[in-house]
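Observations on chain architecture
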Amino acid sequence: MSAATLTRRQFFRSAGGITFLVLVPNGRGLFAADHLKPLSIPTFTALPYIQPGPEGALKPGAEIVRLAWQTMYNEATFEVHFGRDGTFGRTSKIERTSRDYSGRGDKGGRYNYVCTLDGLELNTEYRYRVRCNSEVIAEGYLTTRQPRGRKIRFAAFGDNAFGEPGERAIAYQAYRSHPDFIMNTGDNVYEAGLDSEYSRHFFPVYNAEMPGQGIGAPLLRSIPFYTVLANHDVEGVHPEKKIPCADFQTNADSLAYYTNFHFPLNGPASPTYQTVTFGPEKRLADFKACAGSRFPQMANYSYDNGDAHFLCLDSNNYTDATDPVLQAWVASDLGGTDARWKFVTFHHGAFNIGAHHSHEQQMRALVPIFEKYGVNFVLSGHEHNYQRTRPIRFTPRDTSKAHALHTKDRLVPGEFKVDLAFDGENATRANGIIYITTGAGGKYLYDPEYHDVPAKWVLPEDSNVAYTIKMVSDRHSLTVFDVERDEVLMRQIDQHGTEIDRIRVTFLSTT
């Protein structure tokens, strides 16, 4: 092949076996030139994907979007040009960092590239072009975030990237829903949040060459994918402390959450309870140099889109929801937005009745703050199924177990007020927060025996209060939200595209 030019498909096959786009435009961009010179490109582990800008707030005329990609340790010169209407009139500055995986568990090092598309208008389409060693290898487009008063649509799911058919089917159904962005509820890849797992199970599925039920979908090239830290991002055990940690001794490519993503850096710069790490100083230093200010600040962040505000939190068992620093920041964040609708996302569900994780509900300690500042929906995963509560108001009675770090018995008891009148169809004003468990994104399912058996949807520790009104545990699914100024439509879609739940919520002023 060294004596001939590479076809597009040969290019994609040379990129570590990771294909990216169909060979003709498909509405999500065209990612290769007709001919590429032999050996003129590096081996990609992640082809270009869209990331949010550093600002969570909406700023007309000052919107920022990032474009990122990754290669193996092959030197290359990249250029990125962007503009409206295909003019590509502006040039973006590219930054490169690296992660060295040499030594035990060697998987090869990576160059991580990211560039900033800045000075953008809201609700505007922009096109971008990527050149590698003077060859055009990628062209795509994106639409910036919506301002206040504009409808948005997003898809939510979690517990997903495992390389199974269910994951690909959910990615495809998400693509079919035409979302503005994805809000993942954690356990984004399995089993340990490694770069190698992202290369195998995440980027090829959510940046697939073409959309298909058994393939995945070309999502990441045009829309941002938000997520939260979860237990499978830190799935190691500290050999001395015997607590969960990101184990860099076993896997040099641990904590890829902090090096693959670029979320807003508006959370506490130094969280009181940080992700636990273990391993050789060289590997830890190498990781921290690549992550930069993202570690540990990106554990918690927030952003706006349309009339909605989104608060994303780390709920792992090394965190403490009773921490005054965290609580003060959560209150400041939720109280400081003028968004009509407020969503909170974290991995460990505060109100779920599954058999696997029903006692890991330490985030209930934050519920009084959520209620005070008018949160409408809380999205979680961890349980590999779908659950929806009635609107709930909850007063914690004893938060001592929320402070019991590194355990799985962290249930916070309390008093419930459940809105029994709300049905999401005729009665649409919710008096309380609706908690959604949407963890059926691809990993094998939990609790199929709970499906359509409401008698199982109660916990004795919660005085058998029937706060769960819907549970689907026999199939994979995702949640699709349409958010307008005065109304939110929520639909649950299964892996075959069938609607399995639907509610409408109209705005209830708290003033």
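Please refer to the structure higher up on the page.
Keep in mind it's a predicted model, so treat the numbers as computed, not measured.

1. Regarding the overall build of the protein
For the protein, the helix and strand inventory stands at 8 helices and 28 strands. Computed over the C-alpha atoms, the radius of gyration of the protein is 22 Å, within 12% of the 24 Å expected from 2.2 N^0.38 for a compact globule of 511 residues. With the C-alpha coordinates of the protein rotated into their principal frame, the extents come out at 75 × 55 × 40 Å. Put simply, the protein has 511 residues, and 61% of those count as buried. Put simply, of all contacts in the protein between residues at least 6 apart along the chain, 75% involve residues at least 24 apart. Accessible area for the protein stands at about 18,600 Å²; split by element, carbon and sulfur atoms hold 49% of it.

2. Section: the sheet that holds strand β13 (residues 225–226)
The strand order β13-β10-β9-β26-β27-β28 describes an open sheet built from 6 strands, whose pairing is mixed. Either end of the sheet is taken by a strand with one partner, and the two such strands are β13 and β28 (499–506). As judged from the 4 bridges shared by strand β9 (residues 152–157) and strand β10 (residues 181–184), these two strands associate in the parallel manner. Residue pairing for β10: F157 is matched across the bridge by N184. The sheet strands contacting helix α2 (residues 165–176) are β9, β10, β26 (477–483) and β27 (487–494), and the helix crosses β26 at an angle near 20 degrees.

3. A short note on empty space enclosed by the protein
The rolling of a water-molecule-sized probe over the atoms marks out the regions of remaining empty space. Evaluated as defined, the whole model comprises 3 cavities of 30 Å³ or more. Taken together, the residues that form the lining of the largest cavity break down as 5 nonpolar, 3 polar and 3 charged.

4. Some words on unusual backbone geometry
A cis amide bond links Y190 with the next residue in sequence, E191, at an omega value of 10 degrees. Examined against the element boundaries, E191 turns out to sit in the loop between β10 and α3 (195–206). The phi dihedral of D159 is positive, around 55 degrees, even though this residue is not glycine. Overall, the relative accessible area of 0% leaves D159 in the buried class.

5. Remarks on the sheet that holds strand β21 (residues 386–389)
If you trace the 7 strands from one edge of the open sheet to the other, you get β17-β18-β19-β20-β24-β21-β25, paired in mixed fashion. Looking along the sheet, the strands with just one partner apiece sit at the ends: β17 (301–305) and β25 (468–472). Each neighbouring strand pair of the sheet contributes to a mean axis angle of 15 degrees, computed without reference to strand direction. Pairing between strand β18 (residues 308–312) and strand β19 (residues 341–348): 5 bridges, direction parallel. Its bridge partner being in β19, C312 is matched across the sheet by T345. Where helix α7 (residues 324–335) meets the sheet, it contacts β17, β18 and β19, and its direction lies at approximately 170 degrees from that of β18.

Rules and cut-offs
- Within every chain, residues take consecutive numbers counted from 1 along the sequence as written.
- For a predicted model such as this one, the threshold for reporting local features is a pLDDT of at least 70, and the threshold for listing and counting side-chain atom pairs is 80 or more; totals across whole chains, interfaces and linings nevertheless cover every residue.
- Processing note: side-chain calculations cover all non-hydrogen atoms of the structure and skip hydrogens and water entirely.
- Per the convention used, a helix needs a DSSP run of H or I reaching at least four residues, while a strand needs a run of E reaching at least two, with both numbered from the N terminus.
- In this treatment the radius of gyration is a C-alpha quantity, and the globule benchmark scales as 2.2 Å times the residue count to the 0.38 power.
- Residue burial is assigned from relative accessible area. The probe radius is 1.4 Å, only protein chains are included, and a residue is buried under 20% of its type maximum, exposed over 50%, and partly exposed in between.
- Contact criterion: two residues are considered in contact whenever any of their non-hydrogen atoms come within 4.5 Å of each other.
- Residue burial considers only the protein chains on display, and all accessible areas are found by Shrake-Rupley using a 1.4 Å probe.
- At least two bridges found by DSSP between two strands is the condition for calling them paired.
- Axes here refer to lines fitted to C-alpha atoms; in helices the fit is confined to the stretch in contact. Angles between the N-to-C directions go from 0 to 180 degrees.
- Every definition here rests on a 1 Å grid over the protein atoms only: cavities are sets of points where a 1.4 Å probe fits but cannot get out, pockets are open sets enclosed by protein on both sides within 12 Å along at least five of seven lines, and lining residues have some atom within 4 Å of a point.
- Grid points are joined across faces, edges and corners, and a volume is the space filled by probe spheres set on the points.
- Residues are grouped as follows: Ala, Val, Leu, Ile, Met, Phe, Trp, Tyr, Cys and Pro are nonpolar; Asp, Glu, Lys and Arg are charged; every other residue, Gly included, is polar.

These results come straight from atomic positions and should not be treated as a statement about function.
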